[in-house]
Structures are given as structure tokens and as C-alpha cells.
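In case you want the letters, here they are:
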There are 2 protein chains.
Amino acid sequence: MWNTILTRSLGIRYPIIQAPMAGGPSTPQLVAAVSNAGGLGSLGCGYLTPDGIRDEIRSTRKLTDKPFAVALFTPGKSDPPSPSIIQEASRLLDPYRKELGLPLSPPSPTKFGEALEEQLQVILEEKPPVFAFTFGVPPEGFLRECRKRGIWTMGTATNAAEVRLMRDSPDPVDFVFAQGCEAGGHRGAHASSIANDTFTALLPLVPQLVKENVPIIAAGGIMDGSQIVAALDLGACGVSMGTAFLLCPESGTSAPYRAALRNEAASAEPVGTAYTRVISGRLARGIRNRFMREMEQFEGRTPGYPYQYYVTQPLRKACVSAGRSDFISMWAGQGVSRIRELPATDLLARLVTEAEQNRMVRPG
Amino acid sequence: MWNTILTRSLGIRYPIIQAPMAGGPSTPQLVAAVSNAGGLGSLGCGYLTPDGIRDEIRSTRKLTDKPFAVALFTPGKSDPPSPSIIQEASRLLDPYRKELGLPLSPPSPTKFGEALEEQLQVILEEKPPVFAFTFGVPPEGFLRECRKRGIWTMGTATNAAEVRLMRDSPDPVDFVFAQGCEAGGHRGAHASSIANDTFTALLPLVPQLVKENVPIIAAGGIMDGSQIVAALDLGACGVSMGTAFLLCPESGTSAPYRAALRNEAASAEPVGTAYTRVISGRLARGIRNRFMREMEQFEGRTPGYPYQYYVTQPLRKACVSAGRSDFISMWAGQGVSRIRELPATDLLARLVTEAEQNRMVRPG
């Protein structure tokens, strides 16, 4: 069961990937703990400066000599929204700024994210064992440069057209994450030829994508060993799990985010997750909070990613400082109510035991 | 693998249920073929008169002496919409009536569905081996009457609260369908205490519901043996498959519906499925067609189930007669692109072989 194209290619023990969780949760400590325990840890570096990415990679290397992944966002170029749209989006936040004691109507941000070219350059220089990407495909030629340096590549797809895009390119990708609609965090859908995002769930999605003859890693809602076995049954060569690791002590999950996760696990009527665009400008799934509920009505009026992300960022920082969860992002998948609070090493060992037991006890 | 609480209780060979597909597809021929092949066929009788239900049950009994299920809709009482809302809903259809050569603005329907009490009475009289229900729970005492008569009962849930409702009632249900958001046809969500329908997919849903200690049958997006094995891995005691049987020659699927299904299977860019309320007034998943696309904007203005269903019914009838798929309902789940056109007996045999092979070849 543990011998798949993923474990053989990377030389890892278990086909269990700790998903990149940009914006805090995936620390070098978490990544190293997962990789040392036989899985594959992933650094979510999408929001970091080139120097920040370099530091994270080097910090991780000090903690493990096992393979790990570095993940970036690779959307295509988009024109920035007009200053008036950014201002209008910012004005909508004034009531919340007031509540948090922040200055009203501050000047619009002048920088919206890091330059992808510079981020990618760090990957080629630092040569992490695996490069993972989402929101699109890297610029032409980049995956070829990765291959030359022995860096494995993993892209993200939500439908068969996106798999074909990555498979039939001059720079084909090595592995594809099949991201089901149950997955927490940002949705990786990107093929513009797909008129409607069809939000396919993992159980039907994995067999659809496996048919395209690319090694598929299942991502979305997976929290225990029985689900890992199920994903492998469907033809996946591995799984990616994010939410499951959010309460590990090694994760950089903030205190109010942790409190909300614990509440999902303990409550008979958990709040549950939903998709929203209002936090970052891009569709993402998280635990419903006040900001998501109250801003829903303005979804059509907020700018796209990454602009909305940078407009709302000061709110999140103030909110975390104040220990409040009202306006932060609490990305989580549909399995969140079954989250467990364990050190990463113990969690991985538990997952492996559950998967192996599940396989053994199946009635004959 | 085939020995589960479902197969042991019902005395069937394989824990594979052909889902009830009311409105045509699930004929006595299909149901009997599935049951004779070792699965459990289901008659979808929600739209039938009491006499119609009796006839279907008796026809099925002539074709099989194996267990089968009879399924009804058991929504709570709802006040009918005002005549003006029905009229307005009807007026929206005039352009389509014109196109189909139907009389414009006909009188509003005077009857909206069959009386549930009379439908239920037939169940108690005819005593099919299994009674299945969705959209809610039957009136108090009814499941007790089923139990007295040796009729197994199966309800439908989309979240843990709905499972608890059926488990903790004075008339607990024997089995619960876990209906994932990938499922075709009408969504069974009903617990009004759940403010938001969370649209949980099967892979996270089944373990959540299994935790509630009720035997769970997985429903949604399942098309092949690998998915059956995956569902059992997740803790389900069986699976329910609807879409997979729609192209069987024994199914009552209409010609234009069949053509659309074949197109989903053959096309590199299938149309795909979506949820809509505009066909029946209740959320259901089907292959996107012109009616769904064009009526989307009016979703808030159309009456609820069953009223919208009866207002739109003449369009569907005319459309099927004309061999057109523009305005019919083509319920299908997210696995539809992997549908196979085989006699029901062959399809069931294929599913069993796939499941058994999947179990055997898993790398050690």
C-alpha cells in the first residue's frame, strides 16, 4: 500500500503530504517534523519575499535532511484594479477598522504581492527537493529548469482540462494535486477555457483525473487513515492534508484560529466551512466567521486576488493581536470537525497506523 | 468485503443499491435486474398515485423474488404559494411554451402531488422488503409500523444533525443514506435547525456520519468498483448509485436524456452538472441545459417544491415528445462523464469484478 509512484520517486516512506499553508501555518518546524516522520512537509511561501523564501528553505534544511516541498502561487498576469475600486473596497472596511481602533480610510496599499520571477529564481538557486504550485502554471521553461536541477514538480488541478494543460505542455509536470471542492484554503482552479467552475468533489474527481495518465495526489477533506486508504483505492498515488495539521504545536496557526478549530472539533453543531472571495479576492474555503457573513453581499464589488488580500491584511493583523477571530482568515476543509490536536510526528504515526489497520481489518 | 451489516440484514449478495430515480428511470425491469444480480434495486415512487405505486411493486414482484426498495418523498407540510406567485412562475414559462407550440398562460395546476398518507398506506399494505425516504422523515409512528411488518427502513441525511434526528427519534431508522454534494437528483437536506446547507462531499461526510453510530450507505458520484471499495473503506456498509444505471436498457430514461448522457461520456469537454432549483422548486443536481441556464436569474422568484415541479411539467412532457433536451430535467451526479452503457446485470457484474480486483491488486 505504501509503495506508490510518489514514494518511489521522492524516496519517502509514506505518500502523505502536509499541504502548503501559506500565511503562517506551515513553518519549517512543521515541515521538518512531517518529513522526518516519513511524509512530505511543504512550505507555503506564496506571500513571502524572495529573501523570506530563502530563509524558510534554509531553516527547514537545518531541521531535516529528508525531502520537502516549497509551494508558490503562479497565477497569470492580471491588470490591477483602478484606484477607485481599491478605494471603494477599502471604504467598506471602515466600520471594522473603527471597531479595531485602526485609522479610517488609510492610503491604499502601494504593493500587491511579491514578484513571481524573483520568487521562482530562489527555487532554482536553493533547489528544494519538490516545487509545488497552484492558481495556474509557471512561466514557460521554468519546470524544465526544475527538472535539470533534479527538482520534482507538482501542479494543482480541479478538472480534467487543467490536468491536460499541465500534461501536454512542453514542460510537463511530474505530479498533479486533484483538489476537490471539499479542500480548505484557496481553490486552484485556473483553466480559463472552463466556463464554469464545476466544484467537483474528490471521490468523483480522482478517477476522472487518473484517466488522464498523470500521477494524481488527492487533496481535500482528508483527516484520517481510512480516507487515505480510500484515496489510494481511487487511484491516487498519495494524499495532501492541510487542515489535519493546523492544530499541531509546530504549526504557525494563530491563537484565535486555533480556538475556532477546537470549537469545530468539540461542538455538536460546528459552524462549518464555506467558500468566500471577500478575504483575498480569490475563492477559498474557511470556517465561517463574521467577516465572511457580513461581507457576502459585497462579493461582486471587491477587487480580485491579490488586491483584496492586501486591502484586508491590516484587519487580520489587528484581529490576531487582539485575539479575535471575527475578521481573520481561518482556512479549513470540510473535514475540519474531525481535527486532532497532536504533535506532527504523532499525528503522522497515527495516520499510518489507521491506514494499515483499515487495510487489515476489512471483512473478507 | 461483501459481508456488511447491509448485506447480512437484507440477505443480499452485494452492498450495492440502485438508487431510486423517480420520474421515469427506475422501472420494475431495472429494479428486478439489479436485485436478481445480487444488489438492491429501488423503485422511485415519489410522483406516483397510490395505485401507481401498487402496480409498480406488483410488477417488480413478478420479475424478482429478491429484496428491493420502494422510495417516497417525505417532506414536511408546506403552505402552498399564493395563486399570484404560481401565476407569475407560470408566466415566466410562456416563451418556452411558445417555442414548443403549447398554449400560452394555461390555467394554474389544481393538484400538486399525491397525498403522502395514501402513498404510505400502500407501503404498509404491500410490504416491500425495504422502504426508503428523503426530503425529511415520515409521520410519527410510520417507521414503527414498517418494523412490525418486517420492512427495513432507510432515510437520507446530508449532515450529522439529520442523522441524529433519525437515530434519536422514537421510530429510529435502520440505515441512513449519506448523500454527498456530488449526488445527482434532489438533495435530501431537511433539518431546519441547520441554518446553512453545508454541501459536504462524500469523502469527508461518510466518516462524520459513521461516528454517529448508524449504518451508513454512501450516495453520490460513485460510478465504478474502485469507488465502491473507497466508500466501504470510509466506513459505509454499502453504496447507492443512480447515475451509473441511467443508460441501462432497462431504465426508463428518455431518449433526449440518454443522448445528453452519452455526450457527457464521449466529449473531452463535458457540459457537467450543476445544482438548480428552477425545475422542481427544490435543489437538485443535473446536466446543465438551456432551461437551467436561462432560468437561473429567476431562482428567487420561482415557488418551492412541489409547486414549481407541477408548473414546469407540461414543458418537460412536450420536450421529451419532441426529442429535445432543452427544458427537461436530466438529473445526474458529478461522476456522469464516466457512465457506461450496459445491461443492468452486466453493469453490476462489472462493478463487483472491479471492486474485487481493486482489493486484490493493491500494492503490498
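This text goes with the structure placed above it.
Rules and cut-offs
- Residues numbered from 1 in each chain as written.
- Chains lettered and ligands numbered in written order.
- Predicted model: local features only at pLDDT ≥ 70, side-chain atom pairs only at ≥ 80, totals over all residues.
- Heavy atoms only, no water.
- Phe/Tyr/Trp six-rings, centres within 6.5 Å; stacked < 30°, edge-to-face > 60°.
- Helix = DSSP H or I, 4+ residues; strand = E, 2+ residues; numbered from the N terminus.
- Buried < 20%, exposed > 50% of the residue type's maximum accessible area, 1.4 Å probe, protein only.
- Lys NZ or Arg CZ within 6 Å of the ring centre and 35° of its normal.
- Pairing = 2+ DSSP bridges.
- Least-squares fit on C-alpha atoms with pLDDT ≥ 70 in both.
- Contact = heavy atoms within 4.5 Å.
- Buried area = accessible area lost by both parts, 1.4 Å probe.
- Salt bridge = Lys/Arg side-chain N within 4 Å of Asp/Glu carboxyl O.
- Polar contact = N/O pair within 3.5 Å; in protein donor to acceptor, adjacent residues only side chain to side chain.

Asker: With reference to specific residues and values, describe the packing of aromatic side chains.
Answerer: Residues and elements named next belong to chain A. One pass over the structure, following the stated rule, counts 32 aromatic pairs over all chains. Arranged with centres 5.5 Å apart and planes meeting at 65°, the rings of Tyr96 and Phe291 form a pair that is edge-to-face. Pair noted here: Tyr96 is in helix 5 (residues 94-100) and Phe291 is in helix 12 (residues 290-295), with a separation of 195 residues, a long-range link. The exposure class assigned to Tyr96 is buried, which follows from its relative accessible area of 7%. Taken together, Tyr47, Phe73, Phe112, Phe135, Tyr305, Tyr307, Tyr309 and Tyr310 form an aromatic cluster joined through their ring pairs. Positioned over the ring face of Phe135 is Arg282, at 3.8 Å from the centre of the ring.

Asker: Quick rundown of the sheet that holds strand 11 (residues 284-287) of chain A? Include the residues and the values.
Answerer: The strand order 7-11-10 (chain A) describes an open sheet built from three strands, whose pairing is antiparallel. Here the strands that pair on one side only, and so sit at the sheet edges, are strand 7 (185-186) and strand 10 (273-276) of chain A.

Asker: Residues and numbers for the relation of the copies chain B and chain A, please.
Answerer: Once turned by 180° and shifted 0.0 Å along the axis, chain B lies on chain A with an RMSD of 0.0 Å. Both copies are brought into coincidence by an operation consistent with a two-fold rotation axis. When each C-alpha of chain B is compared by its distance to the rotation axis, B:Ala230 comes out closest, at 2.1 Å. The share of interface residues of chain B whose copies in chain A are also at the interface is 100%, consistent with both copies meeting through the same surface.

Asker: Give me the lowdown on the interface of chain B and chain A, citing residues and values where you can.
Answerer: Listed per partner, the contact involves 41 residues of chain B and 41 residues of chain A. At the boundary of chain B with chain A, total buried surface from both sides reaches about 3300 Å², with 48% on carbon and sulfur atoms. Applying the counting rule to chain B against chain A returns zero salt bridges. At the boundary of chain B with chain A, the tally comes to 14 residue pairs in polar contact (both at pLDDT 80 or more). Sorting the residues of the side of chain B that touches chain A by element identifies helix 8 (160-167), helix 9 (202-210), helix 10 (225-233) and helix 14 (344-361) of chain B as the ones contributing at least two each.

Asker: Could you give me a rundown of helix 10 of chain B, with the residues and numbers involved?
Answerer: Residues and elements named next belong to chain B. A large share of helix 10 lies buried, amounting to nine of its nine residues. Inspection of helix 10 places Gly225, Ser226, Gln227, Ile228, Val229, Ala230, Ala231, Leu232 and Asp233 among the buried residues, and these make up the whole buried set. Looking at the residues trailing helix 10, positive phi occurs at Gly235, about 110°.

Asker: I'd like a rundown of the side chain of B:Gln334, residues and numbers included.
Answerer: Position of B:Gln334 among the secondary structure elements: in the loop between helix 13 (307-321) and helix 14. Among all residues touching B:Gln334, those that are not within four sequence positions of it are A:Thr198, A:Phe199, A:Thr200, A:Ala201, A:Pro204, A:Gln208, B:Glu182, B:Thr273 and B:Arg285.

Asker: Account for helix 2 (residues 28-36) of chain A, naming residues and giving values.
Answerer: Residues and elements named next belong to chain A. Most of helix 2 is tucked away, with seven of its nine residues classed as buried. Of all the residues in helix 2, the buried ones are Pro28, Leu30, Val31, Ala32, Ala33, Val34 and Ser35. Of the residues trailing helix 2, Gly38 is marked for its positive phi of about 105°.

Asker: Tell me about the side chain of A:Ser337, and name the residues and values.
Answerer: With respect to the helices, strands and loops of the structure, A:Ser337 is situated in the loop between helix 13 (307-321) and helix 14 (344-361). Beyond its immediate stretch of four places on either side in the chain, A:Ser337 contacts A:Glu264, A:Ala265, A:Pro270, B:Gln208 and B:Lys211.

Asker: Tell me about the pattern of salt bridges, residues and numbers included.
Answerer: Residues and elements named next belong to chain A. All told, the structure shown has 50 salt bridges over all chains when counted by the stated rule. Salt-bridge contacts for Glu114 lead to Lys111; the nearest nitrogen and oxygen are separated by 3.1 Å. Given a relative accessible area of 23%, Glu114 falls into the partly exposed group. Given a relative accessible area of 48%, Lys111 falls into the partly exposed group. A salt bridge links Glu212 to Arg167; the shortest N-O distance between them is 3.1 Å. Remark: Arg167 occurs in helix 8 (residues 160-167) and Glu212 occurs in the loop between helix 9 (202-210) and strand 8 (216-219); sequence separation between them is 45 residues. Where salt bridges share partners, they join Glu99, Arg290, Glu294, Arg324 and Asp326 into one cluster.

Asker: Which residues make up the pairing of strand 8 of chain A, and what values do they have?
Answerer: Residues and elements named next belong to chain A. Neither face of strand 8 is left uncovered, since the one carrying Ile216 and Ala218 and the one carrying Ile217 and Ala219 both have all their residues buried. One ladder, built from four bridges, connects strand 6 (residues 175-179) with strand 8; its direction is parallel. If you follow Val176 over to strand 8, its bridge partner there is Ile216. Sheet topology places strand 8 next to strand 9 (residues 238-241); three bridges connect them, and they run parallel.

Asker: Which residues make up unusual backbone geometry, and what values do they have?
Answerer: A:Tyr305 connects to A:Pro306 through a cis peptide bond whose omega is 0°. Looking at the secondary structure, you find A:Pro306 in the loop between helix 12 and helix 13. Positive phi, close to 50°, is recorded for A:Lys127, a residue that is not glycine. Mapped onto the secondary structure, A:Lys127 falls in the loop between helix 6 (116-126) and strand 4 (130-134). Residue class for A:Lys127 comes out partly exposed when judged on its relative accessible area of 40%. A positive phi angle is found at B:Phe199, which is not glycine, with a value near 50°. Turning to its location among the elements, B:Phe199 is positioned in the loop between strand 7 (185-186) and helix 9. Judged by its relative accessible area of 27%, B:Phe199 falls in the partly exposed class.

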